[in-house]
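Here are the chains, one letter per residue:
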Amino acid sequence: MSTFTAQPTDDISIATIRALAADVVGKANSGHPGAPMGMAPVAHVLFTRFFNANPKSSKWFNRDRFVLSNGHACALQYILLHLLGYKLSMDDLKQFRQLDSLTPGHPEAGHTDGIEVTTGPLGQGFSNAVGLAIAQAHLGATFNKDGFDLINNYTYVFLGDGCLMEGVASEAASLAGHLQLGNLIAIYDDNHISIDGDTAVAFTENVEQRFQSYGWHTLHVDNGDTDLESIYNAIAEAQKEKSKPTLIRLRTTIGYGSKQQGTHGVHGSPLKADDITSLKAKFGLPSDQSFYVPPKTYETYSAVAARGAKLEAAWKDLLASYAQKYPVEHAELTRRIAGKLPENWEKSLPVYKPSDAAQASRKLSEIVLSAIVPKLPELVGGSADLTGSNLTRTKTMIDFQPESTGLGSYKGTYIRFGVREHGMAAIANGLHAYGGIIPFVATFMNFVSYAAGAVRLSALSKHQVIWVATHDSIGLGEDGPTHQPIETAVHLRALPNCDFWRPADGNETSAAYYSALTRTQTPSILSLSRQNLPNLEGSTIERALKGGYVLHEVQGEDLTIVSTGSEVSIVLEAATKLKEAGIKTRVVSLPCWSIFDLQPAEYKLSVLRSGAPILAVEALSTLGWQKYSHEAFGLTGWGASGPYKQVYEKFGLTGPNIAAVGKKVVDFYKKKGGEVISPLLKAIDAIGGEHL
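Reading the values: rules and limits
- Residues numbered from 1 in each chain as written.
- Predicted model: local features only at pLDDT ≥ 70, side-chain atom pairs only at ≥ 80, totals over all residues.
- Heavy atoms only, no water.
- Phe/Tyr/Trp six-rings, centres within 6.5 Å; stacked < 30°, edge-to-face > 60°.
- Helix = DSSP H or I, 4+ residues; strand = E, 2+ residues; numbered from the N terminus.
- Buried < 20%, exposed > 50% of the residue type's maximum accessible area, 1.4 Å probe, protein only.
- Lys NZ or Arg CZ within 6 Å of the ring centre and 35° of its normal.
- Axes fitted to C-alpha atoms, helices over the stretch in contact; angles between N-to-C directions.
- Parallel < 35°, antiparallel > 145°, perpendicular 65-115°, else oblique.
- Left-handed = near helix turned anticlockwise from the far one by under 90°.
- Contact = heavy atoms within 4.5 Å.
- Nonpolar A, V, L, I, M, F, W, Y, C, P; charged D, E, K, R; others polar.
- Salt bridge = Lys/Arg side-chain N within 4 Å of Asp/Glu carboxyl O.
- Disulfide = S-S within 2.5 Å.
- Expected span 1.5 Å × (residues − 1).
- Pairing = 2+ DSSP bridges.
- Polar contact = N/O pair within 3.5 Å; in protein donor to acceptor, adjacent residues only side chain to side chain.
- Core = buried A, V, L, I, M, F, W, Y, C linked by side-chain atoms within 4.5 Å.
- Right-handed = clockwise from strand over helix to strand, strands pointing away.

Enquirer: What is the right way to look at the packing of aromatic side chains in this model?
Expert: The description of two aromatic rings rests on the distance between their centres and on the angle between their planes. Under the definition given, this model contains 30 aromatic pairs. Here F148 and Y322 contribute two aromatic rings whose centre-to-centre distance is 5.6 Å and whose plane-to-plane angle is 65°, an arrangement assigned as edge-to-face. Of this pair, F148 sits in the loop between α5 (124-143) and β2 (155-159) while Y322 sits in helix α11 (residues 295-325); the two residues are 174 residues apart in sequence, bridging distant segments of the chain. The pair formed by F148 and Y322 is uniform in burial state, with each residue classed as buried. Ring plane angle 20° and centroid distance 5.7 Å describe the contact between F447 and Y450, whose orientation is recorded as stacked. Chaining the aromatic ring pairs together yields one cluster made of F47, F51, F66, Y154, Y156 and F158. Sitting over the ring of F61, R65 keeps its end group 5.6 Å from the ring centre. Taking the ring centre of Y326 as reference, the NZ or CZ of K145 above it sits at 5.4 Å.

Have a look at this one:
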């Protein structure tokens, strides 16, 4: 649409959204009515004039994507979804913030129809939107042909002052500007209010100038409360800019229409009953009715939905014609949209023998990537400025860059994230949310902590993001304790729905990748060594895929030692020394706790069985090992700077010392007497993983 045309239902529709926001939050007696009331005009203009989607087919691939980065304003998004005809009823609106409802306190992807990404932690949604825009640019460049503009959607994101204060948004915005993402339109709700009051107390920068320095196109609308034509013109202007993302600074009044409008009092608290009554009367709505929607408002939004259905039907016709002219590309595109991996891709995974050369697991990871990347073009990702250390860019990869830079093209699959770990992780969540892409990201294990907020949302939102996390222990040596992760694994293992893999050799590394690529609703973190690791007798991909297995078996054991990653070979050395001392020792490799937890109880008890004490050994904090062992030996403080073998020796992580520790454990339990039962056998936590 080239010019703004006012519609008779505009004012009543906007008033309806504002009143519903007050009712939704009021009935729940919890929530944030102010931003939804302030942003009602821009939401109405965007969704009735510009937004292309089909509510009856919410996963249509070429739909426009909408992200509410200021997720506390979700009453606005739920109201729009209801009006448009998504699977969200008026009764669902009335159950806002109630247990097991479809309208939780912040938007949750996969829970509510029409929600693209989970938002609430500020800045994350904005950064996800950058990922969504990268995905469109890449897939469009890969599959579009002359006359077949199959993938050309926009990504729109609403955000507030809080999002712009969070560092993750700065990281993502900087990269988006560099990448010239003209398909990304961000609308900033500049209402000057945060929880502490007026933003003058803490946030006084010139946001437009900041974004211009990032390489963004910036626009502003001074009256976002009532000037629908200016709102329309700004969005239309943003769509014309093809080589820069656009930020529209929209000056609004929080809680517009309320007696408390323009104050922080309407930010995170329900309106009082008399205020809601007054508000409705002011806007020409029945003041004695709650959750009222005029028929004309429903009709307006039904027409939008009908337009979306026609757009999808036309797109399906175009896709069918594409199949006739480009059958190979069509087959590949539809495979990726369906989320299916190519047939027999797993046969390309490297398999190792004990006689194969020792290599760092980061190098083993590079070998896997080199083997599978040609088979899996949906693998799109990169490193936070550590490509040469993480070993994540294979020889066949091209950089994802604007062609104007001469550094690559949008067809490229390798993203140079720069030193932006948190932004990288949040962008990866957006890449996965778009569809057709399996994102991978990389940094040192220690610096995954920088990205913790986004990793948590990966797990919560079921985003299949693969982390290549190298230099994963004191084994990185000389860089010292600032770079040596001690507590990081504990944190990541504690996350629900997150697979933390610490492979001990080549076969376990291949298994970790197989799991990461087939666990489509779970992020995976591959914890990889800097130092060389030998390939182990008894390891196989199949055995490692159980998350834990007996690497060295003996009957009538005196001790079982369980370990992961770079310490497994040390433990095997210790077992040999213990055997020489007459102490029978089994060795268990447990590369992934969460995968092991999924195995049948009988199998788990065969691996970590009763009858002898179990000692865990890991060059990390021992917290958490009590679930799988009776005793644990590892790091109780920070690491140290020096050649890695000397560092390991300093902390007692050598074959002879682990043997001495093992003997001490055996002697203790013999002296203690009584039956030694598996640590898996608990009164409360069933070993099948279910809770009472």
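Enquirer: Would you take a moment to explain the pairing of strand β9 (residues 379-383) for this structure?
Expert: Each regular strand displays side chains that alternate between the two surfaces of the sheet. When you tally the buried positions in β9, you get five out of five residues, the bulk of the element. A two-sided burial pattern is seen for β9, the buried positions comprising L379, G381 and S383 on one face and V380 and G382 on the other.

Enquirer: It is not clear to me how the packing of helix α2 (residues 34-50) against helix α9 (residues 228-240) should be interpreted in this structure. Could you clarify?
Expert: Two quantities define a packed helix pair, namely the angle between the axes and the distance from one axis to the other. For the pair α2 and α9, the least separation of the axes is 10 Å and the interaxial angle reads 55°. As judged from the angle between their axes, α2 and α9 are oblique. Crossing hand, α2 versus α9: right-handed. Residues P41, V42, V45, L46, R49 and F50 of α2 form the contact with α9, whose own contacting residues are L228, I231, Y232, I235, A236 and Q239. In the contact of α2 with α9, the residues fall into 10 nonpolar, one polar and one charged.

Enquirer: Help me out: how do you make sense of the packing of α5 against helix α15 (residues 421-434) in this one?
Expert: As a packed pair, α5 and α15 sit with axes 6 Å apart at the nearest point and diverge in direction by 55°. In terms of their interaxial angle, α5 and α15 are classed as oblique. The crossing of α5 and α15 is right-handed. Here Q124, S127, N128, V130, G131, L132, I134, A135, Q136 and L139 of α5 lie close against α15, whose contacting residues are H422, A426, I427, N429, G430, L431, A433 and Y434. Tallied by class, the residues present in the contact of α5 with α15 amount to 10 nonpolar, eight polar and no charged.

Enquirer: In this structure, what is going on with the pattern of salt bridges? I would like to understand it.
Expert: Note that side chains of opposite charge can pair when their charged atoms are close. Counted according to the given criterion, the structure contains 27 salt bridges. The closest approach of N and O atoms between K353 and D356, which form a salt bridge, is 3.6 Å. K353 sits in the partly exposed class, given a relative accessible area of 48%. Judged by its relative accessible area of 26%, D356 is partly exposed.

Enquirer: I'm lost on the state of the cysteines in this one. Help?
Expert: Working definition: the covalent bond between the sulfur atoms of two cysteines is a disulfide. Throughout the structure, instances matching the rule amount to zero disulfides. No disulfide involves C74; its nearest neighbouring cysteine sulfur is the one of C163, lying 13 Å away. You can call C74 buried: its relative accessible area is 0%. In this structure C592 is not part of a disulfide, and its nearest cysteine sulfur, from C498, lies 8.6 Å away.

Enquirer: Would you mind showing me how to read α9 here?
Expert: What sets the pattern is the α-helix's 3.6 residues per turn: residues three or four places apart point alike. The terminal C-alpha atoms of α9, which comprises 13 residues, lie 19 Å apart, in line with the 18 Å expected from a rise of 1.5 Å per residue. Residues L228, I231, Y232, A234, I235, A236, A238 and Q239 constitute the buried set of α9.

Enquirer: What should I look at first to understand the sheet that holds strand β17 (residues 559-563) in this one?
Expert: With mixed pairing, the five strands of this open sheet are ordered in space as β16-β18-β17-β19-β20. The sheet is open, and its two borders are formed by β16 (549-552) and β20 (631-635), each paired with just one other strand. Pairs of neighbouring strands in the sheet enclose a mean axial angle of 30°, with direction left out of account. Two strands pair when backbone bridges link them, and strand β19 (residues 614-621) and β20 are joined in this way by four bridges, in the parallel orientation. Counted as the bridge partner of S621 is L635 from β20.

Enquirer: Would you take a moment to explain the sheet that holds strand β1 (residues 65-68) for this structure?
Expert: The five strands are arranged β1-β2-β3-β7-β6 in an open sheet whose pairing can be described as parallel. At either end of the open sheet lies a strand with only one pairing partner, and these are β1 and β6 (217-221). Ignoring which end each strand starts from, the neighbouring axes of this sheet average 15° apart. One ladder, built from five bridges, connects β2 with strand β3 (residues 184-190); its direction is parallel.

Enquirer: Is there a simple way to think about the side chain of S589 in this case?
Expert: Mapped onto the elements of the fold, S589 is located in strand β18 (residues 585-589). A polar side-chain atom of S589 sits 2.7 Å from a polar atom in the side chain of E508. In this structure S589 touches A504, E508, G547, G548, Y549, L551, S563 and V568, once residues within four positions along its chain are discounted.

Enquirer: Explain the environment of H192 to me, please; I cannot follow it from the model alone.
Expert: Checked against the element boundaries, H192 lands in the loop between β3 and β4 (193-194). Given a relative accessible area of 30%, H192 falls into the partly exposed group. A C-alpha to C-alpha distance of 9.2 Å links H192 and G160, two positions 32 residues apart in sequence. Discounting chain neighbours no more than four positions away, the residues touching H192 are D161, G197, D198, T199 and R251.

Enquirer: For this particular structure, what's the right way to read the nonpolar core?
Expert: One broad trend across soluble globular proteins is that nonpolar side chains are buried collectively. In this structure, F126, W216 and W467 are the most contacted members of the largest nonpolar core, which totals 74 residues. Examining the composition of this core, we find that 10 residues originate from one element, α5, more than from any other. The next biggest cluster of nonpolar side chains, apart from the first, holds 69 residues, and it includes A43, F51, I79 and Y156.

Enquirer: Just checking my understanding: could you explain helix α3 (residues 74-84) for this structure?
Expert: Along α3, 11 of the 11 residues are buried, which leaves the element largely enclosed by surrounding structure. Burial in α3 covers these residues: C74, A75, L76, Q77, Y78, I79, L80, L81, H82, L83 and L84. Buried residues belonging to α3 abut α1 (10-28), α2, β1, α4 (90-94), β2 and α11. Following α3 by one or two positions, G85 has its phi on the positive side, about 100°.

Enquirer: Sorry if this is basic, but what is going on with the pairing of β17 here?
Expert: Taken across its five residues, β17 has five buried, putting it largely inside the fold. Here β17 shows two buried faces, one formed by L559, I561 and S563 and the other by T560 and V562. Bridge analysis of β17 against β18 gives five bridges, and the strand direction is parallel. What sits directly across from L559, in β18, is T585. Once you follow β17 into helix α20 (residues 568-580) and on to β18, the crossover reads as right-handed.

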